[in-house]
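# Per-entry structural report
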Amino acid sequence: MKRPLQVTLLVLSGLGLLHASLFTDLFLRYVKEGMRPLLIASGVLLLLLGVAEAWATPAKTHGADHPERGHGHEGDARGHGDEGDAQAPRDEADAKEHGHGHGGHGHDHSTVPRVAWLLFLPALSLLFYAPPALGAYTASREAPKAVASGQRHFDPLPATSPLPMTLTDFTRRVQQDPSGAVRGRTVLLTGFVTPDKGGRDTWYLTRIILSCCAADAQSVKVRIHGTPALPADTWVSVTGAWHPGGTLGTASAPADLDARAVRRIERPVNGYTDDLPLVPSR
């Protein structure tokens, strides 16, 4: 790849990383919060490499335009002129025969390979059109994340009503808390809408959890009853109570909710965790 294009690619990639991690929170669509310092450092490094390459390019070009003349003597050149003139055609013929002519090993390195232009796509996408966050499409094609079992002791629930809970905590209380403390309690859950392919009057409230990046994403879901589904990927807060079924406090109890109110919200900054929502993303 030609040097000006190398410089452009390095600078665009650095700016894209800084735009996603330093000036906005777009990076939270793809990785966890803890990766932010590494992304910023990578963006700065790419920018510095681009600047260094741009600074060095004129000097290299100038050196290429003025090659060394060699250490031979004028007299030697004149003395061997006839022999050189006779040898030149033979050398040129041998070079062409073995594919080592002016093209260099039979290949043309003066143009940029077409596939190299594809390297600009991810850099430009971070600057102008960042890929959307994972959502209902991903969640509907994988089984919900299994909630860790084995918890024996549960603290009493606060008297707050509605009680804000994460989807994981709600599921754990429904399926593992022998005291049945969640029975009859009004809770407030937050997530995005995922259609329920197997039910006509139900849908899923979903959160996607990242361990490191989007490649290892897992989802946790609560089935919602009693209210029509909003469009897929719509972020909502749902107020309601546990939908009875099975034996509360055992695995037979479904993590279902009878919705009393559904309110649209902005996607929270910590959308890739199953935590209580933080301030909306920029």
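First things first, this report covers the structure right here in the doc. Everything numeric in this text was worked out from a predicted model, so none of it was measured. Position numbers for residues count from 1 along each chain, tracking the sequence in the order it is written. A pLDDT threshold of at least 70 governs which residues receive local features in this predicted model, and a stricter bar of 80 or more applies before side-chain atom pairs are shown or counted, although totals over entire chains, interfaces and linings include all residues. Excluding hydrogens and water, the side-chain values take into account all heavy atoms of the structure.

Put simply, DSSP H or I for four residues or longer makes a helix, DSSP E for two residues or longer makes a strand, and each gets a number counted from the N terminus. Helices and strands together make up the secondary structure of the protein, namely 7 helices and 6 strands. Any residue under 20% of the maximum accessible area for its type is buried, any over 50% is exposed, and the rest in between are partly exposed; the area is computed with a 1.4 Å probe on protein chains only. A total of 282 residues make up the protein; the buried ones form 34% of that total. Taking contacts inside the protein between residues at least 6 apart in sequence as the whole, the part at least 24 apart equals 65%. Each accessible area is a Shrake-Rupley result for a 1.4 Å probe, and residues are judged covered by the shown protein chains and nothing else. Total accessible area on the protein is roughly 17,400 Å²; 60% of this is exposed by carbon and sulfur atoms. What makes two residues a contact is simply this: any of their non-hydrogen atoms within 4.5 Å.

Further remarks concern helix H7 (residues 167-176). Counting buried residues in H7 gives 8 out of 10 residues, a clear majority hidden from the surface. Regarding H7, the residues found buried are Leu167, Thr168, Phe170, Thr171, Arg172, Arg173, Val174 and Gln176. Where H7 is buried, its residues contact strand E2 (187-195), strand E3 (202-209), strand E4 (218-225), strand E5 (235-242) and strand E6 (256-264).

To continue, consider unusual backbone geometry. Cis rather than trans, the peptide bond between Ser161 and Pro162 has omega equal to -5 degrees. Relative to the helices and strands, Pro162 is located in the loop between helix H6 (136-139) and strand E1 (163-164). Phi angles above zero are rare outside glycine, and Asp233 is one such case at about 75 degrees. Within the secondary structure layout, Asp233 lies in the loop between E4 and E5.

With that settled, the discussion passes to the nonpolar core. The biggest cluster of nonpolar side chains holds 23 residues, and the ones touching the most others in it are Phe170, Leu189, Leu205, Ile224, Val238 and Leu257. Secondary structure elements with two or more residues in this core: H7, E2, E3, E4, E5 and E6. For Phe170, the contacting residues outside a window of four places in its chain are Met165, Val182, Val187, Leu189, Val222, Trp242, Ala255, Asp256 and Leu257. Judged by nonpolar contacts, the second largest core, of 9 residues, contains Leu17, Ala20, Leu28 and Leu39. By nonpolar core is meant a set of buried Ala, Val, Leu, Ile, Met, Phe, Trp, Tyr and Cys residues that side-chain atoms within 4.5 Å join together.

Let us look at the environment of Asp233. Given the relative accessible area of 41%, Asp233 is considered partly exposed. When residues no more than four places from it in sequence are discounted, the contact partners of Asp233 are Gly135, Ala136, Phe192 and Val193.

On to a nonpolar patch on the surface, then. The grouping of Val115, Leu118 and Leu121 at the surface amounts to a nonpolar patch, some 310 Å² of accessible area in total. Within the secondary structure layout, Leu121 lies in helix H5 (residues 120-128). Exposure above 30% relative accessible area and no salt bridge define the residues that can form patches, which grow by joining like charges within 9 Å and nonpolar side chains of Val, Leu, Ile, Met, Phe, Trp and Tyr within 5 Å. By convention in these notes, a salt bridge is any Lys or Arg side-chain nitrogen within 4 Å of a carboxyl oxygen on Asp or Glu.

We now examine the side chain of Thr234. With respect to the secondary-structure elements, Thr234 resides in the loop between E4 and E5. Setting aside its immediate chain neighbours within four residues, Thr234 contacts Gly191, Phe192, Val193 and Arg264.

Moving on to the packing of aromatic side chains. For this analysis, a ring pair means two rings from Phe, Tyr or Trp (six-membered ring only for Trp) whose centres lie within 6.5 Å, classed as stacked if their planes differ by under 30 degrees, edge-to-face if by over 60, and tilted for the remaining angles. In this structure the tally under the stated criterion is 1 aromatic pair. Above the plane of the ring of Tyr204 lies Lys221, whose end atom (NZ or CZ) is 5.3 Å from the centre. For the cation-ring pair, Arg267 lies above Tyr272, with the distance from its terminal atom to the ring centre recorded as 5.2 Å. By definition here, charges over rings are those cases where NZ of Lys or CZ of Arg is within 6 Å of the ring centre and within 35 degrees of the ring normal.

It is worth stressing that arrangement in space is one thing and function is another; only the former is reported here.
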